[in-house]
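A closer look at the structure
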Amino acid sequence: MANIGIDLGTTNSLVAVVMSGRARCLLDETANPLLPSAVRYPQSSGGDGSVVVGRAARDEAAAYPDRTFTSVKRFMGRAPADCVADAALFRYTMDESEQRFVRFAVPGREAVTPVEVSAEVLRVLRARAVECLFGEPGGAVITVPAYFDDAQRQATKDAARIAGLEVLRLLNEPTAAAIAYGLDKRETGTFAVYDLGGGTFDVSILELNDGIFQVLATAGDTHLGGDDFDRALGEHVLAKARLDRRGDADHRELLLAVESAKRRLTDADEATVTINGTSVTVTRAEFDALIRPTVERTGAACRQALADAKLTAAKIDAVVLVGGSTRVPLVRAYVGELFGRVPYTDLDPDQVVALGAAMQADILTGTSQLSDDLLLLDVIPLSLGLEVMGGVVEKFIPRCSTIPFSAAQTFTTHVDNQTALDLHIVQGDRELARDNRSLGRFSLRGLPRLPAGIARIRVEFLVDADGILTVHAKEEHTGIEARTEVKPSYGLSEDEIERMLEDSIDHAETDVDVRLLIESRVEADGILTAVQKALRTDAGMLVPGEKEVIDAVVAALQAAMPTEDRKRIADLAHKLDEVTAPFAQRRIERDLTRALSGRDAGEVGKQLGLKELPVVTDETPAPAERES
């Protein structure tokens, strides 16, 4: 059984396969490889009529505006609150009774989710593959935007599963394009892949060397594309014609008309848009002026990717254009100016991603004739970490780390007899958890009732080749463990992704100062707790005058804790360590003489450098405290 590659696109989708050592897109009955990503539902779910997918659904959208869905890729893996503007743009009615994820209301039948709509598109592509291959495909490599987060990737895998497809791998779209170009041209060097589709934009910097594709950096916007061109052109046409089209049917008719005009303006100097008998002529110059702000938004992501890769535009050997929206002349000109070179356009930008996916799918069969040595090294777009004591983030996997990737750290408890902890997983590049995006939580319960500082909890983050995160926690003394595959109910919105990256830069210095202050307070609090406990249990071991000195430093440190004077807190904590050192040494010697009987395990844990967890009950887990 042959494996297939699928490009599940915002505007169009394709399926491709490698035959006789060559990748090719599979065609429909009209010899067209493109399947419009449009779905129309029947009047009811009771069997009167069938779901219509593709060109017919798209072309007749104006006749069935309340049950036809396009550009659903914009909604995949996102929360309802993040989709209000898009739903209004496409005139979709969201099911307000559902707050966890997006559901589109369909008159006369149950509401549908973006995952279900996408599954209908994938079913048609699977059927096309079955017909062309004379049997079921073995599995599928499905492409996703490089900047899709964990929830959006999970939504894509769920859609494939509903459609009856086995997902061999989720492959980033720019990487798929690089495979198609790299294997076709047998080139080595550093590439920029500029991927502008109907609803998403990605740019990736890749290095190709001896069959190894390594993604050096990626950036983008999961909410920018040709749909934005259509919207700008549509508003211009309405204003120019002095029309006000509010009805859903008129709106769909307008979108189809301006999309057609946009395609004509690729080669012509002007195009005419006709809406209900009213014609408006739009020139290429007018169109360029309308879309220039959107096109220029892609430049910020390109510069960010270059900076992350520690390269300048002059160091890029070639620029590859991907996505139907890169056919627009202004886009090609802008990319050429940005990188200082004419971009590659040898392969059809609509097909190149599907062709690369098919090549990767073929390689995964283990019998490929394309390349025995091809290795893909992709990256994760945003840092992943864990909230620790004080609300700061301990980053396990930094942004632009090559995947698959794993990282582990060891944590401990904050007070005696702590029996549970809360693992709060976050995504982003700010120093404090509250400024990042929460991906999910899970609890590790049943910890042994040990003194503070002795429990050893190992936490491991693992991101697989699909970019899916799994977190595993285990208490090393007892073997108690918990594991979760992070499956948030929605993903990052456009504004959040942009804000998170911009804020991580704009607030970097302030964030570090706040983090250091919090860490100083946490460390000082641990020292205070340990000293106060020792004074309660072993006050008889103090020498004359020693308690007064210790009490004075303790009082000074307690007074400094609420302030923002990090240096004073750290200095007083260090001083408290110094003045209690003789007292601590006497206690250690006493314990040694007792052959370690009754040893304060918590202090031993602190001496090992393990950070702590606050006191909790079994019902109220606490956040982790990172290891020193």
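Structure report, in brief. Since the model is a prediction, treat every value here as computed from it, not as a measurement.

Topic: helix H8 (residues 284-308)
The end-to-end C-alpha separation of H8 is 35 Å, in line with the 36 Å expected for 25 residues at 1.5 Å each. The largest bend along H8 measures about 50° and falls at Arg292, with the proline Pro293 one to four residues further on. Immediately downstream of H8, the backbone of Lys310 shows phi near 60°, a positive value.

Some remarks on the pattern of salt bridges
Within this structure, the stated rule accounts for 26 salt bridges. Measuring nitrogen to oxygen at the nearest pair gives 3.3 Å for the salt bridge that ties Asp86 to Arg78. Judged by relative accessible area, Arg78 falls into the buried class, the value being 4%. Asp350 is the salt-bridge partner of Arg327, the closest N and O atoms lying 2.8 Å from each other. One end of the pair, Arg327, is in the loop between strand S17 (318-322) and helix H9 (329-339); the other, Asp350, is in the loop between H9 and helix H10 (352-363), and 23 residues separate them in sequence. Residue Arg327 is classed as partly exposed on the basis of its relative accessible area, which comes to 31%.

Quick word on the side chain of Thr580
Here Thr580 is to be found in helix H14 (residues 566-593). Exposure remark for Thr580: the relative accessible area of 9% places this residue in the buried category. In terms of polar contacts, Thr580 uses its side chain to reach the backbone carbonyl oxygen of Asp577, at 3.3 Å. Aside from chain neighbours lying at most four places away, what touches Thr580 is Val531 and Ile550.

Here we look at unusual backbone geometry
Unlike most non-glycine residues, Ser20 shows phi in positive territory, near 50°. Relative to the elements of secondary structure, Ser20 occurs in the loop between strand S2 (12-19) and strand S3 (22-25). Ser20 gets classed as exposed once you look at its relative accessible area, which sits at 78%. The phi angle at Ser71 is positive, at roughly 55°, despite the residue not being glycine. Looking at the secondary structure, you find Ser71 in the loop between strand S7 (68-70) and helix H2 (84-89).

So, the packing of aromatic side chains
One pair of aromatic rings is described through two measures. These are the centre distance and the angle between the planes. One pass over the full model with this rule turns up twelve aromatic pairs. For the ring pair Phe75 and Tyr92, a centre distance of 5.8 Å and an interplane angle of 50° mean the geometry is tilted. Of this pair, Phe75 sits in the loop between S7 and H2 while Tyr92 sits in the loop between H2 and strand S8 (104-106); the two residues are 17 residues apart in sequence, bridging distant segments of the chain. Here Phe75 falls in the buried class, since its relative accessible area comes to 1%. Between Phe75 and Phe104, the aromatic rings sit 5.1 Å apart at their centres with planes inclined by 90°, giving edge-to-face as the arrangement. Of this pair, Phe75 sits in the loop between S7 and H2 while Phe104 is found in strand S8, placing the two residues 29 residues apart along the sequence. These aromatic residues form a ring-pair network of at least three members: Tyr41, Phe69, Phe75, Phe90, Tyr92 and Phe104. Stacked on the ring of Tyr64, the Lys or Arg Arg40 has its end atom at 4.3 Å from the ring centre. Here Arg587 stacks its cationic end above the ring of Phe583, 5.8 Å away from the centre of that ring.

Criteria and cut-off values
Numbers given to residues run from 1 along each chain, matching the order in which its sequence is written. With the structure being a predicted model, the display of local features is reserved for residues of pLDDT at least 70 and the display and counting of side-chain atom pairs for 80 or more, all residues being used for whole-chain, interface and lining totals. Values reported for side chains reflect all heavy atoms of the structure, with hydrogen atoms and water molecules removed beforehand. Secondary structure is summarised from DSSP: a helix means a run of H or I of at least four residues, a strand means a run of E of at least two, and numbering begins at the N terminus for each. Multiply 1.5 Å by the residue count of a helix minus one, and that product is the helix's expected span. The bend reported for a residue corresponds to the angle between axes fitted to the seven residues ending at that residue and the seven starting there. Throughout this description, the term salt bridge denotes a Lys or Arg side-chain nitrogen within 4 Å of a carboxyl oxygen of Asp or Glu. To sort residues, take the accessible area from a 1.4 Å probe on protein chains only and compare it with the maximum for the residue type: under 20% means buried, over 50% means exposed, and anything in between is partly exposed. N or O atoms closer than or at 3.5 Å make up a polar contact, with two conditions inside protein: a donor-capable atom paired with an acceptor-capable one, and, for residues adjacent in sequence, both atoms drawn from side chains. Every residue pair with non-hydrogen atoms within 4.5 Å of one another is taken to be in contact. Think of it this way: a Phe, Tyr or Trp ring, Trp meaning its six-membered ring, pairs with another when their centres are within 6.5 Å, and the plane angle makes it stacked under 30 degrees, edge-to-face over 60, tilted otherwise. We call a charge positioned above a ring when the Lys NZ or Arg CZ atom is no farther than 6 Å from the ring centre and deviates by at most 35 degrees from the ring normal.

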